[in-house]
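Single-letter residue listing:
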Amino acid sequence: MTLKKNDMKPKLEPRDNYYTLLKRVLIGSIVFLGLLCLYYGSSFAPHSPRSLGDSSSAVDPFFGGFILKEDEEKISTEQLDFIVPKTIPVCDMRYSELIPCLDRNLIYQLKWKPNLTLMEHYERHCPPPERRYNCLIPPPVGYKIPIRWPASRDEVWKVNIPHTHLAKEKSDQNWMVVNGDKINFPGGGTHFHDGADKYISSLARMLKFPQDKLNSGGHIRTVLDVGCGVASFGAYLLQHDIIAMSLAPNDVHENQIQFALERGIPSTLGVLGTKRLPYPSRSFELAHCSRCRIDWLQRDGILLLELDRLLRPGGYFAYSSPEAYAHDPENLKVWHSMHDLLKRMCWRVISKRDQTVIWAKSLSNSCYFKRAPETQPKLCSSSDNPDETWNVSMRACILPYSSHMHKAKGSSLLPWPQRLTAPPARLEEVGISSEEFQADTSIWHFRVNEYWNMMDSMVQHNTFRNIMDMNSELGGFAAALNDKDVWVMNVAPVSASSKLKIIYDRGLIGTVHDW
């Protein structure tokens with residue numbers, strides 16, 4: 001229903017009732033407009049004339065965007081009744097942990113035959129229309145309000161994730177411990193039994209970073225943790241101003257990512273299989289694998305080439321696994337083959353100590369051009385878009401840098417936190433000017449302050465932890481939340497996936513998704 005000016009005039013009702021009604025209408029309208037803003041962010045992107053008003057004004061250009069012109073068609077009440085469902089049923093309790101496009105039971109029921117060796121059964125396989133559930137996924141029986149961050153890093157309610165198999169299987173590695181009605185996370189891992197914090201410091205020492213700080217003065221900000229387990233590595237990186245995309249499949253370990261998200265740690269389901277990971281090229285300063293059980297040599301090293309696509313110029317790969325230190329014939333064979341492959345990819349060993357080796361990739365294209373003819377892996381074709389990721393197969397080739405990155409011998413990004421608000425060089429690739437970027441940043445700062453002030457009297461300061469922006473555009477919403485104790489999963493729809501690289505260049509994280 002559309003409110004008209006006459007509707008807001010006082011009726012012949014008591015004065016108090018009128019002001020109460022007016023207050024409710026105004027609050028409801030503001031919240032409704034705020035939700036529309038979040039969901040339809042693309043309509044007010046910097047490239048859109050509606051968002052390029054005078055950013056110095058105290059009035060948000062968003063609010064002017066909904067004034068209908070005389071020739072614009074209004075949505076009727078009948079149309080709204082058709083669009084908005086009256087009720088949505090709740091699914092059966094046996095579906096309380098259903099992930100529709102990552103449901104291995106569905107694969108077996110429909111007798112699909114994915115290649116298990118290539119991990120295809122852990123990739124996305126969405127059900128046909130007749131097998132889709134139009135119902136709300138219920139929480140587990142006895143579900144409790146999650147423990148608030150930062151306490152949730154170290155403990156969660158057992159009833160919220162009723163899986164204790166990992167606690168028994170990894171009991172000697174300090175992954176997790178069942179303690180009464182809670183599950184505790186001591187911070188251990190397969191290769192860091194003594195805790196992720198000490199392991200992180202050891203990586204910094206291997207790289208000779210100042211004061212044993214892995215963030216290297218803000219130059220290491222975004223990390224990809226492959227085969228992350230319950231994401232304790234990513235959890236302890238946060239205190240160093242480093243944010244990790246912690247990645248693991250929905251495998252026999254009973255959905256490790258569910259534990260990570262319950263803890264309030266940035267993470268997502270995914271696997272290095274046959275498809276590109278849904279992240280833009282040159283997104284991460286560091287990739288990490290601690291006993292991730294990945295066969296890096298399969299298919300001519302295609303999985304290492306996917307890491308190469310994702311790492312920034314000079315980016316690091318920290319690898320903790322028996323191949324890095326064991327001296328038996330089998331592990332030595334793998335080590336020599338892996339070392340030879342990475343050398344041909346123009347990576348070099350920076351440090352090798354104890355159970356870990358760290359490589360760095362080339363800063364420019366110079367090494368590629370010096371390789372002997374016919375050297376494998378070959379360079380990718382210039383027509384291959386390195387940022388096209390949704391349902392795109394991996395390529396067994398090296399993606400050379402753009403001419404700008406080659407000349408700069410690096411990403412040209414400022415250290416964190418300056419990069420959060422500084423226009424990145426890759427703006428030009430998505431057709432957005434520095435002025436438009438800065439206007440978008442200012443607008444979202446204004447909006448988020450208004451949202452937060454409206455909610456301040458209704459919610460506690462630590463009510464929110466895991467936030468999703470369903471149409472992230474340039475990441476202005478997440479950037480404006482940087483001073484809050486939250487993290488944002490920025491989601492770029494496939495049609496706007498090219499802008500996700502800007503979000504990573506700001507030191508934020510996100511993914512591509514086809515809504």
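To start, this report covers the structure provided alongside it. Treat the numbers as computed from the prediction; the structure is a model and nothing was measured.

How each quantity is defined
- Here the residue index of a chain counts from 1 through its sequence in written order.
- Note on the predicted model: pLDDT of at least 70 is required for a residue's local features to be given, and 80 or more for side-chain atom pairs to be given and counted; whole-chain, interface and lining totals, by contrast, use all residues.
- Heavy atoms from the whole structure form the basis of all side-chain values; hydrogens and water molecules are not counted.
- Note on pairing: two strands pair once DSSP finds at least 2 bridges between them.
- Secondary structure elements are defined from DSSP: runs of H or I of at least 4 residues count as helices, runs of E of at least 2 residues count as strands, and each element is numbered from the N terminus.
- Axis definition: a line fitted to C-alpha atoms, limited for helices to the stretch in contact. Angles are taken between N-to-C directions and run from 0 to 180 degrees.
- Two aromatic rings from Phe, Tyr or Trp, using only the six-membered ring of Trp, form a pair when their centres are within 6.5 Å; if the ring planes differ by under 30 degrees the pair is stacked, by over 60 it is edge-to-face, and anything between is tilted.
- Accessibility here uses a 1.4 Å probe with only protein chains present; expressed as a share of the type maximum, an area under 20% marks a residue as buried, one over 50% as exposed, and anything in between as partly exposed.
- Charge-over-ring contacts are defined here by two conditions on Lys NZ or Arg CZ: a distance within 6 Å of the ring centre and an angle within 35 degrees of the ring normal.
- Here, two cysteine sulfur atoms that lie within 2.5 Å of each other are counted as a disulfide.
- We call a crossover right-handed when, viewed with the strands running away from us, the connection from the first strand over the helix to the second turns clockwise.
- A pair is scored as a salt bridge if a Lys or Arg side-chain nitrogen falls within 4 Å of a carboxyl oxygen belonging to Asp or Glu.
- Take the buried Ala, Val, Leu, Ile, Met, Phe, Trp, Tyr and Cys residues and link them wherever side-chain atoms come within 4.5 Å; each set so joined is a nonpolar core.
- Each angle receives one of four descriptions, namely roughly parallel if under 35 degrees, roughly antiparallel if over 145, roughly perpendicular if within 65 to 115, and oblique otherwise.
- Here a crossing is taken to be left-handed if its near helix is turned anticlockwise relative to the far helix by less than a right angle, and right-handed if that turn runs clockwise.
- When checking whether two residues touch, look at their non-hydrogen atoms; a contact exists if any pair is within 4.5 Å.
- All amino acids are sorted into three groups, where Ala, Val, Leu, Ile, Met, Phe, Trp, Tyr, Cys and Pro are nonpolar, Asp, Glu, Lys and Arg are charged, and the leftover types, Gly among them, are polar.

The strands making up a sheet are joined through hydrogen bonds of the backbone, oriented either antiparallel or parallel. Spatially, the three strands line up as an open sheet ordered S11-S12-S13, and their pairing is parallel. The sheet is open, and its two borders are formed by strand S11 (466-469) and strand S13 (510-513), each paired with just one other strand. Ignoring strand direction, the axes of neighbouring strands in this sheet form an average angle of 25°. As defined by bridge partners, S11 adjoins strand S12 (residues 487-493) across four bridges and the pair is classed as parallel. Counted as the bridge partner of Asp-469 is Asn-490 from S12.

For the structure on display, the rule yields 17 aromatic pairs. Relative to Phe-259, the ring of Phe-185 lies with its centre 6.2 Å away and its plane at 65°, an arrangement referred to as edge-to-face. Here the residue Phe-185 occupies a position in the loop between strand S3 (182-184) and helix H6 (196-206), and Phe-259 occupies one in helix H8 (residues 256-263), the gap between them amounting to 74 residues. On the basis of relative accessibility, which here comes to 3%, the residue Phe-185 falls in the buried class. Arranged with centres 6.0 Å apart and planes meeting at 15°, the rings of Phe-317 and Trp-359 form a pair that is stacked. Taken together, the positions of Phe-317 in strand S8 (residues 311-320) and Trp-359 in strand S10 (residues 356-360) put the pair 42 residues apart, joining distant regions of the chain. With respect to burial, Phe-317 and Trp-359 carry one shared label: buried. Among the aromatic residues, ring-to-ring pairing joins Trp-296, Phe-317, Tyr-319, Trp-335, Trp-347 and Trp-359 into one connected group. It is Arg-153 that lies over the ring of Tyr-236; its NZ or CZ is 4.0 Å from the centre.

Applying the stated criterion across every chain, the model contains five disulfides. Across the disulfide from Cys-91 sits Cys-135; the S-S distance is 1.9 Å. Across the disulfide from Cys-91 to Cys-135, rotation about the S-S bond amounts to roughly 95°, and the bridge is consequently right-handed. Highlighted residues: Cys-91 in the loop between helix H3 (77-83) and helix H4 (104-109) and Cys-135 in the loop between H4 and strand S1 (155-157), separated in sequence by 44 residues. Here Cys-91 falls in the buried class, since its relative accessible area comes to 7%. Cysteines bonded in the chain are numbered consecutively along the chain; their disulfide partners then correspond to 1-4, 2-3, 5-6, 7-8, 9-10.

On to the pairing of S12, then. Counting buried residues along S12, seven of its seven residues qualify, which places the element largely inside the surrounding structure. Pairing of S12 with S13, which is carried by four bridges, proceeds in the parallel orientation. Across the sheet, Ala-492 pairs through a bridge with Val-512, a residue of S13. After leaving S12, the chain enters helix H15 (residues 500-505) and then returns to the sheet as S13, a path that is right-handed.

Looking now at the pattern of salt bridges. Within the structure shown, the criterion is met by 18 salt bridges. For the salt bridge of Asp-181 with Lys-144, the shortest nitrogen-to-oxygen distance reads 3.8 Å. You can see Asp-181 sitting in the loop between strand S2 (177-179) and S3 and its partner Lys-144 sitting in the loop between H4 and S1, a full 37 residues away along the chain. Judged by its relative accessible area of 34%, Lys-144 falls in the partly exposed class. Residue Asp-505 is joined to Arg-426 by a salt bridge in which the shortest nitrogen-to-oxygen separation is 2.9 Å. With Asp-505 in helix H15 and Arg-426 in the loop between helix H12 (403-408) and helix H13 (434-455), this pair connects stretches of sequence that are 79 residues apart.

The next subject is unusual backbone geometry. In this chain, Trp-149 is followed by Pro-150 through a cis amide linkage whose omega measures 10°. Tracing the backbone through its elements, the reader meets Pro-150 in the loop between H4 and S1. Its identity as a non-glycine residue notwithstanding, Arg-299 has a phi of 50°, on the positive side. The class for Arg-299 is partly exposed, based on a relative accessible area of 28%.

So, on to the nonpolar core. Membership of the largest hydrophobic core comes to 62 residues, with the highest contact counts inside it found for Leu-224, Tyr-279, Trp-296, Leu-304, Leu-307, Phe-317 and Trp-359. A per-element tally of this core places helix H9 (residues 298-310) first, with six residues. With 30 residues, the next largest nonpolar core counts Phe-192, Tyr-199, Phe-209 and Leu-237 among its residues.

On to the packing of H9 against helix H10 (residues 329-344), then. The contact between H9 and H10 brings their axes to 11 Å, and the two run at 60°. If you check the angle between H9 and H10, you find them oblique. Here H9 and H10 pass one another in a crossing that is right-handed. Within the contact between the two elements, H9 uses Asp-300, Gly-301 and Leu-304 and H10 uses Met-338, Leu-341 and Leu-342. Looking at side-chain class alone, the contact of H9 with H10 contains four nonpolar, one polar and one charged residues.

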